[in-house]
Protein chains: 2
Amino acid sequence: MTETASRIPQGERSRAMRLRLLEATVDCLVELGWSGTTTTVVSQRAGVSRGAQLHHFPSKQALVVAAVEHLAERRRDELRRRAEGLPEQDRIRGVLELLAGQFVSPVFFAALELWVAARTDAELRELVGPLERRIGRETHAYAVELLGIDEARGDNRQLVQATLDLVRGLGLAASLTDDAKRREAVLDSWAEVLGRELVIS
Amino acid sequence: MTETASRIPQGERSRAMRLRLLEATVDCLVELGWSGTTTTVVSQRAGVSRGAQLHHFPSKQALVVAAVEHLAERRRDELRRRAEGLPEQDRIRGVLELLAGQFVSPVFFAALELWVAARTDAELRELVGPLERRIGRETHAYAVELLGIDEARGDNRQLVQATLDLVRGLGLAASLTDDAKRREAVLDSWAEVLGRELVIS
């Protein structure tokens, strides 16, 4: 143990190691996909011994689910920060840009790897299902808050759900082809639809 | 060679073998996912020798892309057949049901495996990209035809694109959780929006 390392408290070093493992897992998922993300590759990237890794996360499943959960938290913080800068003018279009940006990002691509793997892996699905539902609820509530609407009025609830399904669909399309121009046009038009259809409180 | 086999012409037997390989590949993708779909498993399921399989498809990539292409054709035929039974009343809702059904199906889940694998596999992406764009264009043209609209009028083109992105997003959500009830509600509401927003010729 080096002198520097010995000066950092054990708990703090352990947390830092955990964080390095989570970040390395996300990077691996984005770059190498689910099947390329092995615990060996992750521990090498994170510079963490296999033993220490197993101490934090006993399986690839546990590691990857924790990584996507970590990612969702980071994403939420980033969304809140960016939402503070939203102008009042063209607010709906601005909110759509924010939401769509969440689904056209490395974060979404990492989550996509996990979701698709979970479809054919019952054990993984047990872990991913509740996480995905929680993230879905949070994103929905946040979209409502950003739009400044009352969910109970008119078709507001369904329109927000449709919006989130739309940006999810756009994100999936973007994972294969960079269709930013098409996406912007769809969001422009969608913002106008929402402007007419939402009941604004 | 059995007597029965020898009575079937070579070309026909070869086509039948090819078809069995494609169907087995789709089944494997749906059940086992991309990483579980190996050429060995496919040839066993199809009851085709490894040599014959390699003759038809020299690599896993070639096999899987051909399988998804085959699937897209089968899906198109099925869609045309089901579209004939569409009632004139509530036509928009009926069209949405048809389109959404395409994305909540084993066919879509097999394609999803391929798309996600292609994101991190440059060679596969070269093959999948053009296929995906062609299927996208065809589905778009077909949606326009089913809705009986003129794409050039109003925001019709963007609304159809948004609709297809929406049902793609719904399909992705359905791959993990069976959320049929939520999906129906979103489609009900979206049909009403389209009824108001589309310029019907």
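Residues numbered from 1 in each chain as written. Chains lettered and ligands numbered in written order. Predicted model: local features only at pLDDT ≥ 70, side-chain atom pairs only at ≥ 80, totals over all residues. Heavy atoms only, no water.

Helices and strands together make up the secondary structure of chain A, namely ten helices and zero strands. Each helix (α) and strand (β) of chain A, taken in turn from the N terminus, gives the series α-α-α-α-α-α-α-α-α-α. By the burial criterion, 51% of the 201 residues in chain A qualify as buried. For chain A, the accessible surface area stands at approximately 9600 Å², while carbon and sulfur atoms represent 51% of it. (Helix = DSSP H or I, 4+ residues; strand = E, 2+ residues; numbered from the N terminus. Buried < 20%, exposed > 50% of the residue type's maximum accessible area, 1.4 Å probe, protein only. Areas by Shrake-Rupley, 256 points an atom, 1.4 Å probe, with all protein chains shown as cover.)

Here the focus is the pattern of salt bridges. The final tally for this structure, using the stated rule, is 34 salt bridges over all chains. Residue Glu113 of chain B is joined to Arg119 of chain A by a salt bridge in which the shortest nitrogen-to-oxygen separation is 3.1 Å. In this pair, Glu113 of chain B sits in helix α7 (residues 106-119) while Arg119 of chain A sits in helix α7 (residues 106-119), so the two residues belong to two different chains. With respect to class, Glu113 of chain B is no different from Arg119 of chain A; both count as buried. (Salt bridge = Lys/Arg side-chain N within 4 Å of Asp/Glu carboxyl O.)

With that out of the way, let us pick up the UniProt feature "domain: HTH tetR-type" (unreviewed entry) in chain A. As recorded in UniProt, the feature "domain: HTH tetR-type" (unreviewed entry) lies at residues 15-75 of chain A. Annotated as 87% helix and 0% strand, the span residues 15-75 of chain A places its first and last C-alpha atoms 19 Å apart. (UniProt positions renumbered as here; feature names shortened; annotations may be inferred.)

The positions that UniProt labels "DNA-binding region" (unreviewed entry) are, in the present scheme, residues 38-57 of chain A. Helix makes up 75% of residues 38-57 of chain A and strand 0%, whereas the separation of the span's terminal C-alpha atoms amounts to 13 Å.

So, about helix α8 (residues 122-147) of chain A. Residues and elements named next belong to chain A. Taking 1.5 Å as the rise per residue, α8 with 26 residues should run 38 Å; its terminal C-alpha atoms sit 37 Å apart, in good agreement. At Val128, α8 shows its largest kink, close to 30°, and the proline Pro130 lies no more than four residues downstream. Structurally, the start of α8 carries an N-cap: the backbone nitrogen of Glu123 is 3.2 Å from a side-chain oxygen of Asp121. Following α8 by one or two positions, Gly148 adopts a phi angle in the positive range, close to 65°. (Expected span 1.5 Å × (residues − 1). Bend = angle between axes of the 7 residues up to and from the residue. Polar contact = N/O pair within 3.5 Å; in protein donor to acceptor, adjacent residues only side chain to side chain.)

Here we come to the relation of the copies chain B and chain A. For these two chains of identical sequence, chain B goes onto chain A by a turn of 180° and a shift of 0.0 Å along the axis, with RMSD 0.0 Å. Considering both components of the superposition, the chain copies are consistent with a two-fold axis. (Least-squares fit on C-alpha atoms with pLDDT ≥ 70 in both.)

All names here are of chain B. Two elements in contact, α7 and helix α9 (residues 156-174), have axes separated by 10 Å at closest approach and are oriented at 90°. As judged from the angle between their axes, α7 and α9 are roughly perpendicular. Listed contacts from α9 to Phe108, Phe109 and Leu112 of α7 are Arg168, Gly171, Leu172 and Ala174. Broken down by class, the residue content of the contact of α7 with α9 amounts to five nonpolar, one polar and one charged. (Axes fitted to C-alpha atoms, helices over the stretch in contact; angles between N-to-C directions. Parallel < 35°, antiparallel > 145°, perpendicular 65-115°, else oblique. Contact = heavy atoms within 4.5 Å. Nonpolar A, V, L, I, M, F, W, Y, C, P; charged D, E, K, R; others polar.)

This next bit is on the packing of aromatic side chains. Two numbers describe a pair of aromatic rings. These are the distance of the centres and the angle of the planes. All told, the structure shown has seven aromatic pairs over all chains when counted by the stated rule. With a centroid separation of 5.9 Å and 75° between ring planes, the pair formed by Phe108 of chain A and Trp115 of chain A is classed as edge-to-face. The same class applies to Phe108 of chain A as to Trp115 of chain A, namely buried. Ring pairs connect the aromatic residues Phe103, Phe108, Phe109 and Trp115 of chain A, which therefore count as one cluster. Seen from the ring of Phe103 of chain A, Arg75 of chain A lies directly overhead, with NZ or CZ sitting 5.9 Å from the centre. The ring centre of Trp34 of chain B lies 4.0 Å from the NZ or CZ of Lys60 of chain B, which sits over that ring. (Phe/Tyr/Trp six-rings, centres within 6.5 Å; stacked < 30°, edge-to-face > 60°. Lys NZ or Arg CZ within 6 Å of the ring centre and 35° of its normal.)

So, on to the interface of chain B and chain A. At the junction of the two partners, chain B supplies 43 residues and chain A supplies 43 residues. A buried area of about 3700 Å², summed over both sides, lies between chain B and chain A, and 58% of it is on carbon and sulfur atoms. For chain B, the biggest contributors to the area lost against chain A are Arg119, Leu172 and Leu176 of chain B; these three give 20% of the whole. At the boundary of chain B with chain A, the tally comes to six salt bridges. Residues Asp165 of chain A and Arg182 of chain B are paired through a salt bridge, measuring 3.0 Å at the closest nitrogen-oxygen approach. For the pair chain B and chain A, the number of links is 14 residue pairs in polar contact (both at pLDDT 80 or more). In terms of residue count, the dominant contributor to the side of chain B that touches chain A is α9 of chain B (eleven residues). (Buried area = accessible area lost by both parts, 1.4 Å probe.)

Residues and elements named next belong to chain A. Structurally, Arg153 is set in the loop between α8 and α9 (156-174). With relative accessibility at 37%, the residue Arg153 sits in the partly exposed group. Sequence separation between Arg153 and Leu198 is 45 residues, and the spatial gap between their C-alpha atoms is 8.6 Å.

Glancing now at α9 of chain A. Across its 19 residues, α9 of chain A extends 27 Å between first and last C-alpha, which sits within 8% of the 27 Å expected from 1.5 Å per residue. Burial analysis of α9 of chain A places 17 of its 19 residues in the buried class, the great majority of the element.

Bringing the side chain of His140 of chain A into the picture now. Structurally, the position occupied by His140 of chain A is in helix α8. The contact partners of His140 of chain A, leaving out residues within four places of it in the chain, are Glu151, Arg157, Val160, Gln161 and Leu164 of chain A.

This part takes up the confidence of the model for chain A. Averaged over all residues, the pLDDT of chain A is 91; the fraction at 70 or higher stands at 97%. In the model of chain A, helix α1 (residues 3-7) of chain A stands out as the element of lowest mean pLDDT, 59, in contrast to helix α3 (residues 39-46) of chain A, which has the highest, 96. (pLDDT = per-residue confidence, 0-100.)

Tracing the backbone shows His55 of chain A in helix α4 (residues 50-56). For the pair His55 of chain A and Arg75 of chain A, spaced 20 residues apart in the sequence, the C-alpha separation amounts to 26 Å.

Next up on the list: the environment of Glu138 of chain A. Residue and element names in this part refer to chain A. Looking at the element boundaries, Glu138 is found in helix α8. Residue Glu138 is classed as partly exposed on the basis of its relative accessible area of 30%. Separated by 62 residues in sequence, Glu138 and Arg76 have C-alpha atoms that sit 9.0 Å apart.

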